[in-house]
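Spelled out from the first residue to the last, the chains are:
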Amino acid sequence: MVTGMVHPMPGHDSRCLSLVPGAPASVFNFAASPGPLPLSVRERLLEAMPGLLQMHHRSVAFVELAERLQAKLRELLEVPADYRVLFLQGGATAQFAMVPLNLCRGQGAADYLHTGYWSGRALAEAQQLGMAAQRAADGRALAFHAIPPSDTWQLRADAAYVYYTANETVDGVEFRHTPQLTTAPLVADMSSCLLSRRMEVHRHGLIFAGAQKNMGLPGLTVVLVREALLQGALPGTPSLYDYRVQDQQRPAYNTPVVPAWYTAELMLDWVVEQGGLQAMESSNCSKAETVYAALDTGGLYANAVAPACRSRVNIVFDLVVPALLPLFLEQAHHAGLQGLAGHRSRGGCRAALYNALPEAGALALADFLADFQRRHG
Ligand SMILES: Cc1ncc(COP(=O)(O)O)c(C=O)c1O
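Residues numbered from 1 in each chain as written. Predicted model: local features only at pLDDT ≥ 70, side-chain atom pairs only at ≥ 80, totals over all residues. Heavy atoms only, no water.

Engineer: Would you mind going over the packing of aromatic side chains with me for this structure?
Structural biologist: Geometry of an aromatic ring pair is reported as the spacing of the ring centres plus the angle between the planes. All chains considered together, the criterion is met by 15 aromatic pairs. Taken together, a centroid distance of 4.6 Å and an interplanar angle of 25 degrees make the contact between Tyr 112 and Tyr 163 stacked. On the criterion of sequence distance, the pair formed by Tyr 112 in strand β3 (residues 109-114) and Tyr 163 in strand β5 (residues 162-165) is long-range, its members being 51 residues apart. Taking the relative accessible area as the measure of exposure, Tyr 112 reaches 1% and is therefore buried. Taking relative accessible area as the criterion, Tyr 163 reaches 1% and is therefore assigned buried. Here the aromatic residues Phe 96, Tyr 112, Tyr 117, Trp 118, Tyr 161, Tyr 163 and Phe 208 are joined through ring pairs into a cluster of three or more. (Phe/Tyr/Trp six-rings, centres within 6.5 Å; stacked < 30°, edge-to-face > 60°. Helix = DSSP H or I, 4+ residues; strand = E, 2+ residues; numbered from the N terminus. Buried < 20%, exposed > 50% of the residue type's maximum accessible area, 1.4 Å probe, protein only.)

Right, here's the structure in full:
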C-alpha cells in the first residue's frame, strides 16, 4: 500500500501523493517513452520482482508466463488463428530491419508511407539494407502536418508490402482508419498506439510495437504476423532477426528481459479490468478532446496538424511566443505536469496521453494551459 512518496516515481498517477511541502498533490507523466505504469501494476510488479529477477527463461514458470501472455494478447486484440505472435528484443527499431529482411524475399520492392519521423527512420533502414524501398507517399511536402491523401499514393503492383506508422509519436499524426489496400500486405508500426483503441489486426499482414508505451517496460517488442508471410528471410539474415527462427525457438530464442514479459501481462490484465479496448478508446478520445480544446482556445498555443489526423495519443504543440517555452516547461513541471518537452528533433511541446495517464491528468494539463495563457498570453 502506497501512502505517500517523498520522491514521486515518474509515471505515477493521481493516487501517488507527494509529502514535499509546496509540491503538487498529483504528478502526471506526459513523456512519450516509456509510458506510465498504473499504480496497481507497479505495486504487483514490485511484489513479484525478487522472483522475476531470478526466473530462468527455460523454466516451467517462464514458459507458462509466455503462454498466458500470448493467449491474453490474442484475446484482447482478436488476433486471427493464422497469425503468429512473437515476443522479441531490440525495440521497435530492430523491426525496421526485420520487416524488410523477412518480407522482401524474391521481391526487393516495398512501399512506405512517409508521414513523419518514425516512418522516415524505417524507410531509411530498408534502403540501407539494399531493398528497393520507395516513398509511396511523401508527407515532407506537408511538413508532416497531414497524411497525404490516399489517391496520391504511388503503390507498386509488385511491392512485397506497404508500410505505415499508425501513430507518428514525434509529429503527432495518426491514421484514424486502417488504410484500405488490396495491392500488398499492410505492415504497421503501432508502437505508440497498440492497445490504445480497437484495431483491425486481420487487415494487416504484420503489426509490431515496442512494449514501453501501453504494454509496460522497454526490452520487449511484440510482432503479430500472418503465417503465410513467413516464407523465409533473405540469405545472410542473422538468426536473431529471422522471424521463423524466433517462432521455432519459443518462448524465446535468447535470454529475454523477464520482468518486461511479466509487466506486459500485468498491463493486459489492467486493460481488461478497465473495460477492454473500447473503454481505452473512449477514455483516450476524451483525454485528447480535453487537451486539444484547451490548445485551440485563446491563441497562445499552436498545433499545425490537420484535424482529421491529429493524434489522440501524442499531442504536439508550440507556444506562439517561443521565448516562453522554458518558463512554460518549468512551471508545468512545478505544477506536477512532467515530461512535456517535445522530441529532440522538433522541440516545442508534446503531451503523451497513453492508457495509464488518467483523465484527471488531461484535465490538469488543460487547466494549466488555460492558467498559463491567462498569465502570459
Ligand atoms: C512509432 C515508433 N516507432 C518506433 C520507435 C522506436 O522504438 P524503440 O526505442 O523501441 O526502438 C518509437 C519510439 O518511441 C516509436 O514511437
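Past the structure itself, the notes keep going.
Engineer: Any chance you could explain helix α7 (residues 276-295) here in plain terms?
Structural biologist: Three- or four-residue spacings in an α-helix give side chains the same orientation, since the helix completes a turn every 3.6 residues. Over its 20 residues, α7 extends 29 Å from the first C-alpha to the last, a length consistent with the 28 Å expected when each residue adds 1.5 Å. Every buried residue of α7 is accounted for by Gly 276, Leu 277, Met 280, Glu 281, Ser 283, Asn 284, Lys 287, Ala 288, Val 291, Tyr 292, Ala 294 and Leu 295. Of the surrounding elements, those touching the buried residues of α7 are α2 (60-77), α6 (258-274), β11 (301-302), β12 (314-319) and α9 (359-376). (Expected span 1.5 Å × (residues − 1). Contact = heavy atoms within 4.5 Å.)

Engineer: What is the right way to read the site of the ligand from this model?
Structural biologist: Surrounding the ligand, one finds Gly 91, Ala 92, Thr 93, Phe 96, Trp 118, Thr 165, Asn 167, Thr 169, Asp 189, Ser 191, Gln 212 and Lys 213. Contacts to the ligand include Thr 93, whose side-chain N or O atom sits 2.5 Å from an oxygen atom. Between the ligand and Asp 189, the relevant distance is 2.6 Å, taken from a nitrogen atom to a side-chain nitrogen or oxygen of the residue. Comparing atom positions with the cavity grids shows the ligand to sit within the largest pocket. Element by element, the count of residues in the shell around the ligand is highest for helix α3 (residues 91-103), at four residues. Partitioning the shell around the ligand into residue classes produces three nonpolar, seven polar and two charged. (Near = heavy atom within 4 Å. Polar contact = N/O pair within 3.5 Å; in protein donor to acceptor, adjacent residues only side chain to side chain. 1 Å grid on protein atoms, 1.4 Å probe; cavity = no way out; pocket = protein on both sides within 12 Å on 5 of 7 lines; lining within 4 Å. Sits in = over half its atoms within 2 Å of the grid points. Nonpolar A, V, L, I, M, F, W, Y, C, P; charged D, E, K, R; others polar.)

Engineer: Any chance you could explain the nonpolar core here in plain terms?
Structural biologist: Among soluble globular proteins, nonpolar side chains are generally buried collectively. By size, the foremost hydrophobic cluster in this structure holds 64 residues, and its most contacted members are Leu 73, Leu 77 and Met 215. Among the elements that make up this core, the one with the highest residue count is α6 (ten residues). Residues from two domains meet in this core; each of domain 1 (28-38 + 276-376) and domain 2 (43-271) gives at least three. Beyond its immediate chain neighbours, meaning those up to four positions away, Met 215 contacts Leu 69, Leu 73, Leu 194, Leu 195, Val 222, Thr 263, Ala 264, Met 267 and Leu 268. (Core = buried A, V, L, I, M, F, W, Y, C linked by side-chain atoms within 4.5 Å. Domains from an automatic or database assignment.)

Engineer: Sorry, what's going on with the pattern of salt bridges here?
Structural biologist: Between side chains of opposite charge, a pair can form as their charged atoms come close. Enumeration over the complete set of coordinates arrives at 17 salt bridges. Put simply, Glu 227 and Arg 84 hold a salt bridge, and the shortest N to O gap is 3.4 Å. Of this pair, Glu 227 sits in the loop between β10 (221-226) and α5 (243-248) while Arg 84 sits in strand β2 (residues 83-88), and the two are 143 residues apart along the sequence. Of the residues examined, Glu 227 reaches a relative accessible area of 37% and is grouped as partly exposed. For Asp 247, the salt bridge goes to Arg 84, with nearest N and O atoms at 2.9 Å. Here the residue Asp 247 occupies a position in helix α5, and Arg 84 occupies one in strand β2, the gap between them amounting to 163 residues. Taking relative accessible area as the criterion, Asp 247 reaches 14% and is therefore assigned buried. With relative accessibility at 24%, the residue Arg 84 sits in the partly exposed group. Here the salt bridges share partners, and the residues they tie into one network are Arg 68, Lys 72, Glu 265 and Asp 269. (Salt bridge = Lys/Arg side-chain N within 4 Å of Asp/Glu carboxyl O.)

Engineer: Honestly, unusual backbone geometry in this entry has me stumped. Any pointers?
Structural biologist: Among all residues save glycine, negative phi is the norm, and among peptide bonds the norm is trans. The omega torsion across Ser 33 and Pro 34 is -15 degrees, close enough to zero to call that bond cis. Its location among the elements puts Pro 34 in the loop between β1 (28-29) and α1 (39-53). Each neighbour pair has its own omega, and for Arg 250 with Pro 251 the value is -5 degrees, a cis peptide bond. Among the structural elements, Pro 251 can be located in the loop between α5 and α6. Despite not being glycine, Glu 78 shows a phi value in the positive range, around 50 degrees.

Engineer: Would you explain the sheet that holds β10 in this entry?
Structural biologist: What links the strands of a sheet is backbone hydrogen bonding, and the strands pair in either a parallel or an antiparallel sense. In space, the seven strands of this open sheet follow the order β2-β10-β9-β8-β5-β3-β4, with mixed pairing throughout. In the strand order of this sheet, the two ends are held by β2 and β4 (132-138), each with one partner. Strand-to-strand twist of the sheet, defined as the mean angle between neighbouring strand axes without regard to direction, takes the value 20 degrees. With four bridges connecting them, β5 and strand β8 (residues 186-189) associate as parallel partners. (Pairing = 2+ DSSP bridges. Axes fitted to C-alpha atoms, helices over the stretch in contact; angles between N-to-C directions.)

Engineer: Could you clarify how one ought to interpret the layout of surface pockets in this entry?
Structural biologist: Taken as a whole, the largest pocket spans an internal volume of roughly 270 Å³. Ser 33, Trp 118, Thr 169, Gln 212 and Lys 213 are the residues nearest the centre of the largest pocket, which is lined by 21 residues in total. Contributing elements (two or more residues each) for the lining of the largest pocket: α3 and α4 (117-128). Sort the elements by how many residues they give to the lining of the largest pocket and α3 lands first, with four residues. A per-class count over the lining of the largest pocket returns six nonpolar, ten polar and five charged. Lining the lining of the largest pocket are residues from two domains, each supplying at least three of them: domain 1 (28-38 + 276-376) and domain 2 (43-271). (Points joined across faces, edges and corners; volume = space filled by probe spheres on them.)

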